[in-house]
Amino acid sequence: MPAQSNIDMLEKVKGSIEASKGLFVVDYRGLTVKDAQELRRALREAGAHMKVYKNNIVRIALKDAEMPNIDEMLKGTCALRLLREGSCRGRQSPQAGGRQAQEDADSGWHR
């Protein structure tokens with residue numbers, strides 16, 4: 001029987017995924033605490049957010065939501081970048097969110 005804390009976390013992850021317009025898996029290795037704080041602040045201002053969850057819980061939540069299997073991306077230190085309605089600095093689509101993620105990577109938000 002799973003621990004109640006894992007059941008609660010699964011419900012939270014499911015809710016975050018269902019409320020999202022898009023989802024990106026990002027590797028945050030090498031970010032300093034300051035870099036991570038700045039990135040989270042910039043994402044909030046852009047209408048998105050970044051969360052770190054247990055990879056196995058994310059796998060289960062994606063499967064329950066009948067979303068594609070991304071197990072190969074859910075390894076090691078990764079976080080979810082979740083896009084909300086109207087996010088991406090005024091852009092309205094998940095594709096725009098992908099472009100924004102690439103712009104962030106190009107500007108040095110990745111290591």
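Before reading further, recall that the structure is shown in the block above.
First things first, this report covers the structure right here in the doc.

In this structure the tally under the stated criterion is four salt bridges. Residues K14 and E11 are paired through a salt bridge, measuring 3.7 Å at the closest nitrogen-oxygen approach. With K14 and E11 both in helix α1 (residues 4-18) and three residues apart, this pair spans about one turn of that helix. One salt bridge in this structure joins K14 and D64, with 3.0 Å as the shortest N-O distance. Of this pair, K14 sits in helix α1 while D64 sits in helix α3 (residues 55-64); the two residues are 50 residues apart in sequence, bridging distant segments of the chain. Under the relative-accessibility criterion, D64 is labelled partly exposed at 42%. Members of the salt-bridge network, linked through shared partners, are E11, K14 and D64.

The geometry of α1 relative to α3 is characterised by a closest axis approach of 9 Å and an angle of 55° between their N-to-C directions. On the basis of the axis angle, α1 is oblique to α3. When you trace α1 past α3, the crossing you get is right-handed. Residues N6, M9, L10, V13, K14 and I17 of α1 form the contact with α3, whose participating residues are I57, V58, I60, A61, L62 and D64. Per-class residue counts for the contact of α1 with α3 are nine nonpolar, one polar and two charged.

Right, let's get into a positive patch on the surface. A surface patch of positive charge is lined by K12, R40, R41, R44 and K51. Ranked by residue count, the leading element in the positive patch is helix α2 (residues 33-45), at three residues. Looking at where K51 falls in the secondary structure, it is placed in strand β2 (residues 48-51).

So, on to the sheet that holds strand β1 (residues 22-27). The antiparallel open sheet is built from three strands, whose spatial order is β1-β3-β2. For this open sheet the edge positions go to β1 and β2, each flanked by a neighbour on one side alone. Each strand of the sheet is rotated relative to its neighbour by a mean of 25°, with strand direction disregarded. Pairing geometry for β2 and strand β3 (residues 78-83), over four bridges, is antiparallel. Opposite M50, over in β3, you have R81 as the bridge partner.

The rules we used
Residues numbered from 1 in each chain as written. Predicted model: local features only at pLDDT ≥ 70, side-chain atom pairs only at ≥ 80, totals over all residues. Heavy atoms only, no water. Salt bridge = Lys/Arg side-chain N within 4 Å of Asp/Glu carboxyl O. Helix = DSSP H or I, 4+ residues; strand = E, 2+ residues; numbered from the N terminus. Buried < 20%, exposed > 50% of the residue type's maximum accessible area, 1.4 Å probe, protein only. Axes fitted to C-alpha atoms, helices over the stretch in contact; angles between N-to-C directions. Parallel < 35°, antiparallel > 145°, perpendicular 65-115°, else oblique. Left-handed = near helix turned anticlockwise from the far one by under 90°. Contact = heavy atoms within 4.5 Å. Nonpolar A, V, L, I, M, F, W, Y, C, P; charged D, E, K, R; others polar. Patch = residues over 30% accessible without salt bridge, like charges linked within 9 Å, V, L, I, M, F, W, Y side chains within 5 Å. Areas by Shrake-Rupley, 256 points an atom, 1.4 Å probe, with all protein chains shown as cover. Lys, Arg positive; Asp, Glu negative; His and termini not counted. Charge placed at Lys NZ, Arg CZ, Asp CG, Glu CD. Pairing = 2+ DSSP bridges.

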